[in-house]
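# Remarks on the overall topology
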Amino acid sequence: MKFSVIIVNEGSSGDISRALNAIAAQSQRDFEVIVVGGNTALPDDRFKNVDGETTNVLAAKNSGAAIATGEWLLFLTPQSFIAEDCLASLYAASLRYPDCAMFATTVLENAEPDMIASAGKCYFFAGIPFCGGKGWPLDVLPNEGEVFGACTPAIFVRRDVFMEINGFDADFVMTCEDADLSFRLRLAGQYAMLASEAIVFVSEDNPPKDIHRFAHRNIIWTFIKNMPDVLLWMCLPFHAVIMILLLCNPVHFAPRLNGLLEAIETLPTILQKRKAIQSTRKASLDKIAGAFTWNPYIPFWHRTDIRRKK
């Protein structure tokens, strides 16, 4: 079994049947699909429902990965549906880069299929994750190359590496879990590529009410958990300035302040996680720093940050 596709039936507004039918139509046939939570109508016997608590979506994804039999895991959301040759394109990319542990896809807006929603997860050195290419037309997308990581609508990762780094951090809510997973994969000595020909369409929901609170908290968590000591102290002043500037927006001041206070309150727990993560770091500082985005022009304009693999 090459691929295990994992999707959590969140009971959201996403049309999960459309997502499942898109998987069933793949030209690459060697896959299983694990639907966690709910009694979902399934297209064929390659699909199976698995009971599970879906209140915590990341814990549900981890439980799906634990029983998966594929060499590769593809995590999708109910709002994501993949192009007919997406799995075949990911498989071809895995053959071109056999030592790569994670692939990002080209995620397009379903309502505007010529518009990029993400082309890999990028990470600004000051501790700010962003979706590369978001809002830009598809024709600006470069050829495949190395990116910091993959974005939530479609994360393609080798199962053994995913299990080695303990999967998703289930304490994250709504946002930044992809940046945190990608960062820990980097610390483990792995890297990520954008398989630009692997296309995923996403139907965006309205942002959740608490998104700014959790985003502010989770950005801080990701930075403190994962940034190695030397880089942490070097980048901390820039991180602090940006987080303060984000508080200056009067529309989102209250939820972001709550997120900051929650990050401070949970600091002892985050420092414990940091100790465990940093004690097992395999990647050198130059490899980690080399994966960051250093040019502020790129995140400011949401440009892509894709590097040719050396």
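Residues numbered from 1 in each chain as written. Predicted model: local features only at pLDDT ≥ 70, side-chain atom pairs only at ≥ 80, totals over all residues. Heavy atoms only, no water.

Taken together, the side chains of Tyr297, Phe300 and Trp301 define a hydrophobic patch exposed on the protein surface, amounting to about 390 Å² of accessible area. Relative to the assigned elements, tryptophan 301 resides in the segment after α11 (297–300). (Patch = residues over 30% accessible without salt bridge, like charges linked within 9 Å, V, L, I, M, F, W, Y side chains within 5 Å. Areas by Shrake-Rupley, 256 points an atom, 1.4 Å probe, with all protein chains shown as cover. Salt bridge = Lys/Arg side-chain N within 4 Å of Asp/Glu carboxyl O. Helix = DSSP H or I, 4+ residues; strand = E, 2+ residues; numbered from the N terminus.)

The next thing to look at is the pattern of salt bridges. What the rule picks out here adds up to 18 salt bridges. The partner of arginine 274 in a salt bridge is aspartate 229, with the nearest N and O atoms 2.4 Å apart. On the criterion of sequence distance, the pair formed by arginine 274 in helix α9 (residues 267–279) and aspartate 229 in helix α7 (residues 229–247) is long-range, its members being 45 residues apart. A relative accessible area of 7% places arginine 274 in the buried class. It is possible to trace a salt-bridge network through shared partners that takes in Asp169, Asp171, Asp180, Arg184, Lys225 and Lys273. (Buried < 20%, exposed > 50% of the residue type's maximum accessible area, 1.4 Å probe, protein only.)

For glutamine 26, the location among the structural elements is in the loop between α1 (16–24) and β2 (31–36). At a separation of 3.3 Å, a polar atom in the side chain of glutamine 26 contacts the main-chain amide nitrogen of cysteine 86. Discounting residues that sit within four places of it in the chain, glutamine 26 has contacts with Phe31, Ile82, Ala83, Glu84, Asp85, Cys86 and Leu87. (Polar contact = N/O pair within 3.5 Å; in protein donor to acceptor, adjacent residues only side chain to side chain. Contact = heavy atoms within 4.5 Å.)

For strand β6 (residues 102–109), the buried fraction is high: eight of the eight residues fall into the buried class. As paired strands, β6 and strand β12 (residues 192–202) are joined by eight bridges and run parallel to one another. Bridged to phenylalanine 103 within β12 is methionine 193. When β6 meets strand β7 (residues 116–119), the two strands line up antiparallel, connected through three bridges. When the sheet's bridge partners are listed, leucine 108 is paired in β7 with isoleucine 116. Hairpin remark: β6 followed by β7, antiparallel, with six residues in the connecting loop. (Pairing = 2+ DSSP bridges.)

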